[in-house]
Amino acid sequence: MTSSSPGSPGSPAPPPIPEPGFNFAYLDEQTKRAIRRAILKGVAIPGHQIPFSSREMPMSYGWGTGGIQVTASVIGQDDTLKVIDQGADDTTNAVNIRRFFKKVCGVATTEKTEEATLIQTRHRIPEKPLKAGQVFVYQVPMPEPLYFIEPSRTEANKMHALEEYGPMYVKLYEDITKFGRISLAYDYPVMVNGRHLMNPSPIPRFDNPKMDMNPALQLFGAGREKRIYAIPPYTQVKSLDFEDHPFSVENWEHPCEFCGATDSYLDEVVIDDQGGRMWICSDTDYCEQRQREQSGSAQKLG
Amino acid sequence: MQPLLTVNNLSKYYGDLKACDRISFTLYPGQVLGIIGESGSGKSTLLDSIAGHVPFENGIVEYCDRDNNPIDLRTLPEPRRRKLMKTEWGFVRQNPRDGLRMTVTAGANIGERLLDVGERHYGNIRTEALEWLSEVEIPHGRIDDFPSTFSGGMQQRLQLARILVTRPRIVLMDEPTGGLDVSVQARLLDLMRSLVRTLHLSVILVTHDIGVVRLLAHRLMVMQNGQVVESGLTDQVLDDPHHPYTQQLVNATLIP
Amino acid sequence: MPYVAVKGGEQAIRNAEALLKAKRRGDADVPELSLEQIKQQMQLAVNRVMAEGSLYDPDLAALAIKQSWGDLVEAAFLLRAYRTTLPRLYYSEPLDTSEMAIQRRISAIFKEAPGGQKLGPTFDYIHRLLDFKLAAEDNTFPAPISEEYDTAEATPRVAHMLEQEGLVMPPSNGAQGNGSQTESGMVGTAHPTGDGQRSGVEPFDITRQSLNTPTNRDARLQNLARGDEGFLLSMAYSTQRGYGKNHPFAGEIRVGEVEVSIFPEELGFEIAIADITVTEVQMVNQFKGNKEIPPQFTQGYGLTFGYNERKAMAMALVDRALQAKDLGESLDGPAQDEEFVLYHSDNIEAQGFVQHLKLPHYIDFQAELNLIRKLRSDYEHNNSQPEASEKSKKERSTAAKEATS
């Protein structure tokens, strides 16, 4: 690991003083307990959506309130928090959520995946593998994988209860028939523990394999839809596919322009109005750590 | 031989109205039972009650499954009932819109039951779908077309393929030829007759058309106002009707 | 770094907030609005914010309106978020609206309702002409002197008279759904009677329990009471235009103050904690009956915080429309669809999800972009070959297999 000088963006920020007038982590203790009960139920039945009485948060529904409530109910004084959106620590939304928890908890924050005990994410799983003991919280806009097949929640609940997932596969069959491949690019549905069909939140399919047998506890919060679900550590997570059309992830013809990585998910960045493009890692922490390592070894060589 | 299905004293009420009044019969493997009567006689309600689409007040419906276990369908837990309906049973509806998914292709319509029971090989599903299209005389080239582009007769044949793909043992049909042209009806009836024989299907066929039961049914039940007024071998009942209502039905029908 | 992607930092957020505050204040030469001014002179806005914010506090609602730059949905959101931090200490006793200190009360079904009709302050019969005199300041408008109203006397409910004759179905909570299954396993069958009586069962609490469908009338009414006024208005209007017609009559509309009391176990007696203004509407609707139920009238109920008649009426129409499934009526309008109405009525949820599209989505978009490019190259590959479609399809699927393995 590269050690960095204090104050550099990579180092853990010192715990700030929480703003007075709020309970620790904004929610009152009773509410946090109720949410933790839902989380425990979720852990007990991997991939199964548990209804919870989602509260209005000071951020809008649809802007991560589910993840924020889950984080708020599991966070402790000693936690080190990392927040990413689109893989990056410095996107406006990530900054805003991190700033919220700094304000109402005063916990330490970090941008380094390996330093965090608690990570809240929107749309990505970091490139660096998660470790046992880490809690990984997803923001979920639509928890119900069957919603575009069966808009009625009453009926969808029945399908989950009876494990009637045939219609989901009908959709995949139709994709292959029409396009020659399954045309789902993100929020690609998975079977958890061989029993429950689950939406992984809109992460790219590239990230799906990272969920399988992951040593970290993965929690999913959907605030507006009022559902919580979980993947306990070391749980089997399988992306839906056919034996003769196996699940696959996307790859790029280019390495990352900054760090040269060929194994990471890349953002396509438009650099001029003549159609110029460049490709860079979406995981900013991964990219920066690689760049630092490279400049370190370059210096050593030099 | 052991009966496949035993219905004993089945009664179904709508308020004070007795839609089905103490109906009893047995169905043996390979047998086609016709149920005939005018609309409102309770024949469709009987079919829906047997299939578990509507709850009924009294009576027993017992089915003998593939492993020879007797199953009380009325008390069978919902998940097992639904599973049974997708594997060993099939239901053909008068209106293809109720029996088909009109917004997915013919291939997917046939493949759905296979997907329901866990088939996960795209190639196998297509092979099976093509096979069943041949069985029901639909050209292979239509496999990726939507059922909404099919003719009425083809839609009914697709309904058959959709359920037959899991080799059901018992098929319930509610006016399968209703609304079809006479020539189209004849072709469908021919096909049904040969499928029943080659696949050794047991069928309960509800219709108001005497011509249909004469061609397909081994046994016949005549229903009026929720009650069975006459039953027996089809030829016997039709050639020598005893009950005045049956006589009226037979006389009202022009024999071609 | 040669190139920096558009990413915002804490500074940008702080600047945006400062700019918003400055813009909101407007021209510094114009005196700042006081909360008292908002509370007094924009009462209906305050009422709407309290109703949709689900918190009866005119001072906080006025603050929220000021803070939200006059955006009432945003103001309701502020109240809701604040409400989250409040513990629930007690449930109040049921309101007794027959003991209301009435400001306005009308019935459209009886000319002379016992207790009398009282027009009160209303826009109903006012010509909607812009009043240019109002543009000037220092207006005073003395209230007319009206006959004394005996606030001690209770005003009987119009629907009650029909109930006595057995012509209207008593309010019911509808069929049992799983919605009222509380965490303690209690099943709610509570329904509004407005008579201050407990129905014996604890009502559902949508702020503490997760709403599941199918659900019951108690949960539905709570959802509607804080639902978006515009949404309810449109839903109600759609029933009048034939999408789930229910032939309504405005049985009674009353506005006034009612007493809210709680019953702390530790005290052993009831104490009044506030007087609040509410609008209550009882609609009387036609019902042709079915096999089990003789023809009779049914009721739709609406109640909102503050003077909010349009919303209370819309709520009552939608409440009645949602009883369709319990009454065995055919469901042919969106207003009768419980899931459709309840899951789309809340503007705090709706505004958030609609506006979340502003958040960065470039990861999903990148994934979609990759997919579209791949599908396009498949398409171009297939179309460059003039063979029969069946053959190219076969190739396409082999090509796909290669690409995915």
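What counts and how
Residues numbered from 1 in each chain as written. Chains lettered and ligands numbered in written order. Predicted model: local features only at pLDDT ≥ 70, side-chain atom pairs only at ≥ 80, totals over all residues. Helix = DSSP H or I, 4+ residues; strand = E, 2+ residues; numbered from the N terminus. Buried ≥ 20, exposed ≤ 12 C-beta atoms within 10 Å, placed from the backbone. Contact = placed C-beta atoms within 7 Å. Rg over C-alpha atoms; globule rule 2.2 N^0.38 Å. Domains from an automatic or database assignment. Nonpolar A, V, L, I, M, F, W, Y, C, P; charged D, E, K, R; others polar. Pairing = 2+ DSSP bridges. Axes fitted to C-alpha atoms, helices over the stretch in contact; angles between N-to-C directions. Parallel < 35°, antiparallel > 145°, perpendicular 65-115°, else oblique. Left-handed = near helix turned anticlockwise from the far one by under 90°.

Enquirer: Teacher, can you tell me more about the overall build of chain C here?
Expert: For chain C, the helix and strand inventory stands at 14 helices and four strands. Going through the 405 residues of chain C one by one, you find that 33% of them count as buried. In chain C, once contacts between residues fewer than 6 apart in sequence are set aside, the share between residues at least 24 apart is 63%.

Enquirer: Would you take a moment to explain the overall build of chain A for this structure?
Expert: Helix and strand counts for chain A come out as seven helices and 12 strands. Over its C-alpha atoms chain A spans a radius of gyration of 20 Å, differing by no more than 12% from the 19 Å that the globule rule assigns to 302 residues. Within the span of chain A, comprising 302 residues, buried residues form 52% of the whole. Put simply, 64% of the contacts in chain A that link residues at least 6 apart link residues at least 24 apart.

Enquirer: Before we go on, may I ask you to explain the environment of A:Glu144 in this structure?
Expert: Residue and element names in this part refer to chain A. Among the structural elements, Glu 144 can be located in the loop between strand 5 (135–139) and helix 4 (153–161). Considered as a pair, Glu 144 and Asp 212 are 68 residues apart in the sequence and their alpha carbons are 20 Å apart. Leaving out residues up to four positions away in the same chain, Glu 144 has contacts with Arg 153, Ala 156 and Asn 199.

Enquirer: I'm lost on the domain arrangement of chain A in this one. Help?
Expert: When the parts of a complex come together, some accessible area is lost, and that lost area is often taken as the interface size. All names here are of chain A. Each assigned domain of chain A is listed with its residue range as follows: domain 1 (1–250) and domain 2 (251–302). Across the contact, 18 residues belong to domain 1 and 13 residues belong to domain 2. Its residues assigned to classes, the side of domain 1 that touches domain 2 comprises five nonpolar, five polar and eight charged.

Enquirer: Even after reading the chapter, I still don't get the sheet that holds strand 5 of chain A, so can you show me in this structure?
Expert: Strand pairing in a sheet takes place through backbone hydrogen bonds and is either antiparallel or parallel in direction. Residue and element names in this part refer to chain A. What the seven strands build is an open sheet, ordered 1-9-8-5-4-2-3; its pairing is mixed. Sheet topology places strand 1 (50–51) and strand 3 (108–109) at the edges, where each strand pairs with a single neighbour. Pairing analysis gives five bridges linking strand 8 (residues 217–222) to strand 9 (residues 227–231), with the strands arranged antiparallel. Within the sheet, the bridge partner assigned to Phe 220 lies in strand 9 and is Tyr 229. Packing against the sheet, helix 1 (residues 29–44) makes contact with strand 1, strand 8 and strand 9, and its axis sits at approximately 45° to strand 9. Its contacts with the sheet place helix 2 (residues 65–74) against strand 4 (118–122), strand 5, strand 8 and strand 9, and it is angled at close to 155° to strand 5.

Enquirer: Even after reading the chapter, I still don't get the sheet that holds strand 7 (residues 196–198) of chain A, so can you show me in this structure?
Expert: All names here are of chain A. Taken in spatial order, the three strands of this open sheet run 7-6-10, and their pairing is antiparallel. Either end of the sheet is taken by a strand with one partner, and the two such strands are strand 7 and strand 10 (237–239). Geometrically, the sheet is characterised by an average inter-axis angle of 30° between neighbouring strands, direction not taken into account.

Enquirer: Hey, could you run me through the pairing of strand 11 (residues 266–270) of chain A in this one?
Expert: Each regular strand carries side chains that alternate between the two faces of the sheet. Residues and elements named next belong to chain A. Sheet topology note: the strand 11/strand 12 (residues 277–281) ladder contains five bridges and is antiparallel. The residue bridging Leu 266 from the neighbouring strand is Cys 281, located in strand 12. The hairpin turn running from strand 11 into strand 12, its antiparallel successor, is six residues long, and Gly 275 in that turn takes a positive phi close to 90°.

Enquirer: Before we go on, may I ask you to explain the packing of helix 3 (residues 92–105) of chain A against helix 1 (residues 10–25) of chain C in this structure?
Expert: Between two packed helices, the angle of one axis relative to the other and the distance separating the axes together describe the packing. Close contact between helix 3 of chain A and helix 1 of chain C brings their axes to 9 Å; oriented N to C, the two are set at 80°. Taken as axis vectors, helix 3 of chain A and helix 1 of chain C run roughly perpendicular relative to one another. Counted together, A:Thr92, A:Val95, A:Asn96 and A:Arg99 of helix 3 of chain A and C:Glu10, C:Ala12 and C:Ile13 of helix 1 of chain C form the full contact between these two elements. Broken down by class, the residue content of the contact of helix 3 of chain A with helix 1 of chain C amounts to three nonpolar, two polar and two charged.

Enquirer: So what exactly am I meant to see when it comes to the interface of chain A and chain C here?
Expert: Each partner contributes to the interface: chain A provides 54 residues, whereas chain C provides 49 residues. Going through the elements one at a time, helix 3, helix 4 and strand 11 of chain A are the ones with two or more residues in the side of chain A that touches chain C. The leading source of residues in the side of chain A that touches chain C is helix 3 of chain A, at five residues.

Enquirer: Would you mind showing me how to read the packing of helix 6 (residues 152–164) of chain B against helix 7 (residues 182–199) of chain B here?
Expert: All names here are of chain B. It is at 9 Å that the axes of helix 6 and helix 7 come closest, and there the two elements cross at 15°. With respect to helix 7, the axis of helix 6 lies roughly parallel. In this structure, the crossing between helix 6 and helix 7 has a hand that is right-handed. Residues Gly 152, Gly 153, Gln 156, Arg 157, Leu 160 and Leu 164 of helix 6 form the contact with helix 7, whose own contacting residues are Val 184, Arg 187, Leu 188, Leu 191, Leu 195 and Leu 199. Partitioning the contact of helix 6 with helix 7 into residue classes produces seven nonpolar, three polar and two charged.

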